[in-house]
Amino acid sequence: MFDTLFESPDDEGRAKLFLTLIAALAGVALCLSGYLTWTTWSAGTVAGCSGEGLVDCDHVLASHWSKWLGLPVSLLGSLTYVGILAVCWPAAKHSQPLARTALLALSLLAAGSAMWFIGLQLIVLQSICIFCMAVHACGLSIGVATLLLLRESTLGPREDQMRAMLGVAEVAPSSNSESDAATLKSFHPLVATAIAAVGLTVLMVGQYFFQPSGLVLERIPKTTVVDAEGAAPVDDSSDEQTEPAELGVESDADGADRLASIGAEEDPEPLPTPSESDSPAARRLITFSGLDKPVDVYGVPVLGNPDAEHVLVEMLDYTCAHCRHLHNHVHAALERYGDQVAFVVYHAPLSKRCNPQIVRDQPVHMYACDYARLALGVWKLDRTKFAEFHDWLMEPKKAPSVFKARQRAMQLVGEKILLDKALKADLFRGFASNSEVVREVRSGLPLLLSEEGIIRGFPKDEGEWFMFLEELLEIKPIAEPSE
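Reading guide: rules and limits
- Residues numbered from 1 in each chain as written.
- Predicted model: local features only at pLDDT ≥ 70, side-chain atom pairs only at ≥ 80, totals over all residues.
- Heavy atoms only, no water.
- Helix = DSSP H or I, 4+ residues; strand = E, 2+ residues; numbered from the N terminus.
- Buried < 20%, exposed > 50% of the residue type's maximum accessible area, 1.4 Å probe, protein only.
- Phe/Tyr/Trp six-rings, centres within 6.5 Å; stacked < 30°, edge-to-face > 60°.
- Lys NZ or Arg CZ within 6 Å of the ring centre and 35° of its normal.
- 1 Å grid on protein atoms, 1.4 Å probe; cavity = no way out; pocket = protein on both sides within 12 Å on 5 of 7 lines; lining within 4 Å.
- Points joined across faces, edges and corners; volume = space filled by probe spheres on them.
- Nonpolar A, V, L, I, M, F, W, Y, C, P; charged D, E, K, R; others polar.
- Expected span 1.5 Å × (residues − 1).
- Arc of directions from axis to C-beta.
- Contact = heavy atoms within 4.5 Å.
- Axes fitted to C-alpha atoms, helices over the stretch in contact; angles between N-to-C directions.
- Parallel < 35°, antiparallel > 145°, perpendicular 65-115°, else oblique.
- Left-handed = near helix turned anticlockwise from the far one by under 90°.
- Salt bridge = Lys/Arg side-chain N within 4 Å of Asp/Glu carboxyl O.
- Disulfide = S-S within 2.5 Å.
- Core = buried A, V, L, I, M, F, W, Y, C linked by side-chain atoms within 4.5 Å.
- Pairing = 2+ DSSP bridges.

### A word on the overall build of the protein
Link 1 in the chain: Scanning the protein for helices and strands turns up 15 helices and ten strands.
Link 2 in the chain: A total of 483 residues make up the protein; the buried ones form 46% of that total.

This is how it looks when you write it as structure tokens:
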């Protein structure tokens with residue numbers, strides 16, 4: 001492969017070194033880009049990214065800069081590195097000068113894109129993704145290695161021709177001279193540079209001016225069957241009325257099996273008798289797409305007024321960075337629209353301790369079940385304290401320590417929240433049920449459910465969030481913003 005590219009063994013060795021380095025870097029970048037693409041599409045959490053300080057992978061991947069016309073930029077990166085791998089070895093042959101032009105174009109595009117995204121992370125987002133940075137480092141290295149490779153492949157023939165013109169060396173044999181001339185003539189570095197520049201311009205313009213909406217409503221048929229009065233059908237042969245979905249708790253044998261599978265220490269004891277406010281006369285049942293039972297809005301944790309005309313279900317985890325970003329938008333909506341809208345809070349912790357859908361725990365989600373249990377424990381013991389505790393957990397960039405969360409919960413509702421084992425078992429069963437909903441709709445967290453369908457994606461900014469809600473729910477701000 002190298003005998004026509006370099007004349008001496010030393011030149012051939014350098015060619016092998018550069019090409020091996022380019023191929024290795026492209027392979028590493030391809031693997032990392034593929035992982036980031038999967039993480040972006042699944043709205044998952046990047047492994048080993050703590051979210052502390054400058055390093056915050058989830059913040060970077062949740063931003064609209066991680067997309068290009070709706071596609072993850074990591075997917076475009078994967079295609080670029082596949083192209084580099086495809087043309088890398090053919091570029092070593094004199095008979096494939098177009099491959100060398102393509103290699104230069106793709107390498108310059110990878111290096112230019114790396115500089116663009118490094119600048120976005122450091123200047124605009126002020127957060128970095130270590131996996132993204134690793135990909136960009138590979139792109140920059142590939143660009144440098146390609147330039148050195150092509151310099152070596154063209155410098156020798158040009159020096160020989162210059163020496164011959166100056167009369168300090170004999171003219172090379174005509175066959176080699178003709179081959180070298182043909183090679184240099186067919187290799188177009190300016191064309192490669194122009195192609196890379198156009199590609200980089202399309203990337204930047206597409207990201208800046210043509211970003212699609214970050215939120216999309218996916219309309220799906222409702223699976224809940226209700227009668228004319230909005231209540232779930234009741235089996236007349238049973239002495240007990242079927243209860244609506246409360247916290248996603250399963251009441252059948254499958255629910256008991258699921259609880260056993262996540263390591264419950266004992267069977268749950270019967271819950272206390274519902275208060276007068278939980279009687280059927282005080283219920284408000286709403287059916288949501290994606291849920292197989294109607295939700296009693298008066299019997300679940302709610303942010304805002306449970307009598308609001310429009311209610312959405314938000315499935316979240318207190319250790320989920322995407323959920324924490326959405327929290328600010330939720331509160332902005334409550335302030336802007338008042339009693340017109342409310343958000344039911346369903347918890348789906350991302351830990352295998354209470355979520356059978358999780359195969360392996362990540363350190364960032366180690367205490368997800370504890371936070372969710374404390375929050376719902378506060379709600380069970382004193383519903384008026386839930387919003388305060390929920391906001392206390394969600395407002396910081398990172399959830400407080402479990403020790404501080406327990407202290408805060410005891411300050412609000414007393415020590416009973418740590419002693420009620422039956423409450424813990426009941427809530428863990430509910431977490432498993434909610435996580436099953438997330439799995440069935442093939443979504444990550446946070447997940448919003450409405451009566452019309454499932455809301456996927458994440459708003460680019462507050463303006464897009466408000467516009468989406470106003471179009472979906474046909475609501476207006478309670479007071480127009482001041483001029």
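### Here's the deal with the packing of aromatic side chains
Link 1 in the chain: Evaluated as defined, the whole model comprises eight aromatic pairs.
Link 2 in the chain: Here the aromatic rings of Trp65 and Trp116 are separated by 6.2 Å at their centres, their planes lie at 75 degrees, and the arrangement is edge-to-face. Here Trp116 lies in helix α4 (residues 97-125) and Trp65 lies in the loop between α2 (57-62) and β1 (67-68), a separation of 51 residues in the sequence.
Link 3 in the chain: When its relative accessible area of 13% is taken as the criterion, Trp65 is described as buried.
Link 4 in the chain: When the centroid spacing of 6.0 Å and the interplanar angle of 20 degrees are considered together, the rings of Phe389 and Trp392 count as stacked. Within this pair, Phe389 and its partner Trp392 are both found in helix α11 (residues 386-394), separated by three residues, close to a single helical turn.
Link 5 in the chain: A residue is classified by how much of its surface remains accessible, and Phe389, at 0% relative accessible area, is buried.
Link 6 in the chain: For Trp392, a relative accessible area of 25% corresponds to the partly exposed category.
Link 7 in the chain: Clustering of aromatic rings is evident, with ring pairs tying together Trp65, Trp116, Tyr208 and Phe209.
Link 8 in the chain: For Arg336, the ring lying beneath its charged end belongs to Phe466, and the centroid distance is 4.4 Å.

### Some points on empty space enclosed by the protein
Link 1 in the chain: With the rule as written, the count across this model stands at one cavity of 30 Å³ or more.
Link 2 in the chain: Here the largest cavity is characterised by a volume of approximately 40 Å³.
Link 3 in the chain: Lining the largest cavity we find Leu215, Leu326, Pro446, Leu447, Leu448, Ile455, Gly457, Phe458, Pro459 and Trp465.
Link 4 in the chain: Mapped by element, the contributors of at least two residues to the lining of the largest cavity are β9 (447-449) and β10 (453-457).
Link 5 in the chain: Of the residues in the lining of the largest cavity, the class split is nine nonpolar, one polar and no charged.

### Notes on helix α12 (residues 402-413)
Link 1 in the chain: The terminal C-alpha atoms of α12 lie 16 Å apart, and with twelve residues this matches the ideal 16 Å at 1.5 Å per residue to within 8%.
Link 2 in the chain: The complete set of buried residues in α12 reads Val402, Ala405, Ala409, Leu412 and Val413. Considered in projection along α12, the buried side chains sweep an arc of 85 degrees and stay on one side of the axis. Exposed and oriented more than 90 degrees from the buried face of α12 are Phe403 and Gln411.
Link 3 in the chain: In this structure, the buried side of α12 is in contact with α10 (368-381), α11 and α13 (416-419).
Link 4 in the chain: One or two positions beyond α12, positive phi appears at Gly414, with a value near 95 degrees.

### Details of the packing of α11 against α12
Link 1 in the chain: The contact between α11 and α12 brings their axes to 11 Å, and the two run at 160 degrees. With respect to their mutual orientation, α11 and α12 come out roughly antiparallel. Once α11 is placed against α12, the crossing between them reads as right-handed. When α11 is examined against α12, the residues Glu388, Phe389, Trp392 and Leu393 are found in contact with a partner set consisting of Lys404, Ala405, Arg408, Ala409 and Leu412.
Link 2 in the chain: For the contact of α11 with α12, a count of residues per class yields six nonpolar, no polar and three charged.

### Things to note about the pattern of salt bridges
Link 1 in the chain: Scanning all chains against the criterion turns up six salt bridges.
Link 2 in the chain: Note that Arg283 and Asp296 form a salt bridge whose closest N and O atoms lie 4.0 Å from each other. With a gap of 13 residues between them, Arg283 in the loop between α8 (253-261) and β4 (285-286) and Asp296 in strand β5 (residues 295-296) connect regions that are remote in the sequence.
Link 3 in the chain: With a relative accessible area of 22%, Arg283 lands in the partly exposed category.
Link 4 in the chain: Arg406 is the salt-bridge partner of Asp370, the closest N and O atoms lying 3.8 Å from each other.

### Some words on the state of the cysteines
Link 1 in the chain: Counted according to the given criterion, the structure contains one disulfide.
Link 2 in the chain: Between the sulfur of Cys354 and that of Cys369 lies a disulfide, 2.0 Å long from S to S. Its S-S torsion of about -95 degrees marks the bond between Cys354 and Cys369 as left-handed, since a negative value means left-handed. Here Cys354 is found in the loop between β8 (341-347) and α10, whereas its partner Cys369 is found in helix α10, with 15 residues between them in sequence.
Link 3 in the chain: By relative accessible area, Cys354 is classed as buried at 0%.

### A word on the nonpolar core
Link 1 in the chain: Grouped together as the largest cluster of nonpolar side chains are 64 residues, with contacts concentrated most on Met315, Phe343, Phe389 and Trp465.
Link 2 in the chain: Sequence-distant contacts of Trp465, defined by excluding residues within four places in its chain, comprise Leu215, Leu326, His329, Val330, Ala333, Phe343, Leu448 and Pro459.
Link 3 in the chain: Formed by 40 residues, the second largest nonpolar core is a distinct cluster that contains Ala23, Leu103, Leu120 and Ala145.

### Structural notes on the sheet that holds β9
Link 1 in the chain: Spatial ordering of the open sheet is given by β3-β10-β9-β7-β8-β6, a layout of six strands whose pairing is mixed. Of all strands in the sheet, those with a lone pairing partner are β3 (215-219) and β6 (302-303), marking the two edges.
Link 2 in the chain: Note: strand β7 (residues 310-316) against β9, three bridges, orientation antiparallel. Within β9, the residue paired with Val313 across the bridge is Leu449.

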